[in-house]
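Observations on the three-dimensional arrangement
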Amino acid sequence: LQEEELRVDGRGPFDTRPVSYRFGPKDGMCEVRLGDTRVLAVVSAKLEQPSGARSNEGSISINVEFSPMASPNFEPGRPGEEAQELASVLERAIRETGAVDVESLCVLAGRRVWHV
């Protein structure tokens, strides 16, 4: 396959997998497909009291679960080490790049912020 510059699925080295999105059926849900890979994302938010010294910033937390249907290496129940590491990397990437303006999650400084 390397000689022909094809991937295992027949794509060339610069060919992308087809992408599709489907929202719902509930608010905050989205399914993304990249070829045969399926990812389900669920987003929720709630108003909370701010924590610590950052009374004008909301917060973001990410939870990752790998389905046992995806691989026999994944088990049902608590997220495994790989899932915890991926959640950590994603949270750090969002925080360090400023991809989300956490100050914009503030509703009332010192009293209410969004936790997403």
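Nothing here was measured: the structure is a model prediction, and the numbers come from that model. (Residues numbered from 1 in each chain as written. Predicted model: local features only at pLDDT ≥ 70, side-chain atom pairs only at ≥ 80, totals over all residues. Heavy atoms only, no water.)

With respect to the overall build of the protein chain
Short version of the rule: Secondary structure counts use DSSP, requiring at least four H or I residues in a row for a helix and at least two E residues in a row for a strand, with both numbered from the N terminus. The quantity called the radius of gyration is restricted to C-alpha atoms. Its globule counterpart is 2.2 Å times the number of residues to the power 0.38. Relative accessible area decides the class of each residue, using a 1.4 Å probe on protein chains only: under 20% of the type maximum gives buried, over 50% gives exposed, and in between gives partly exposed. In this description, contact between two residues means that some pair of their heavy atoms is separated by no more than 4.5 Å. The accessible surface values rely on the Shrake-Rupley method and a 1.4 Å probe; as for residues, cover is taken only from the protein chains in view.
Scanning the protein chain from terminus to terminus reveals one helix and six strands. Seen in sequence order, the protein chain has helices and strands lined up from the N terminus as β-β-β-β-α-β-β. A globule of 116 residues ought to have a C-alpha radius of gyration of about 13 Å, yet the protein chain, at 19 Å, is considerably larger. Based on the C-alpha atoms only, the size of the protein chain along its principal axes is roughly 60 × 30 × 30 Å. Out of the 116 residues in the protein chain, the part that is buried amounts to 14%. Across the protein chain, contacts joining residues at least 24 apart in sequence account for 48% of those joining residues at least 6 apart. Just so you have it, the protein chain exposes about 9,600 Å², and 51% of that area is on carbon and sulfur atoms.

A look at the sheet that holds strand S2 (residues 29–34)
Worth spelling out the cut-off: Strands qualify as paired when DSSP identifies two bridges or more between them. Here the axes come from fitting lines to C-alpha atoms, over the contacting stretch only for helices, and the angles between their N-to-C directions go from 0 to 180 degrees.
Read from one edge to the other, the open sheet built from three strands follows the order S1-S2-S3, with strand pairing classed as antiparallel. Every other strand in the sheet has two partners, leaving strand S1 (19–23) and strand S3 (37–42) as the edge strands with one partner each. Strand-to-strand, the axes of this sheet are offset by a mean angle of 15°, without reference to chain direction. Of the pairings in the sheet, the one linking S1 to S2 comprises five bridges and is antiparallel in character. Bridging across to S2, Ser-20 finds its partner in Arg-33.

Some thoughts on the side chain of Glu-57
For Glu-57, the location among the structural elements is in the loop between strand S4 (46–48) and helix H1 (81–97). For Glu-57, the residues in contact, after removing those within four places along its chain, are Val-102, Glu-103, Cys-106 and Val-113.

With respect to the packing of aromatic side chains
We count it as follows: Ring geometry is summarised as follows: Phe, Tyr and Trp rings, the Trp one being its six-membered ring, pair when their centres sit within 6.5 Å, and such pairs are stacked at plane angles under 30 degrees, edge-to-face over 60 and tilted between the two.
Going through the model one piece at a time under the given rule, you end up with one aromatic pair. A ring pair is formed by Phe-66 and Phe-74, whose centres lie 4.7 Å apart and whose planes are at 25°; its orientation type is stacked. You can call Phe-74 partly exposed: its relative accessible area is 22%.

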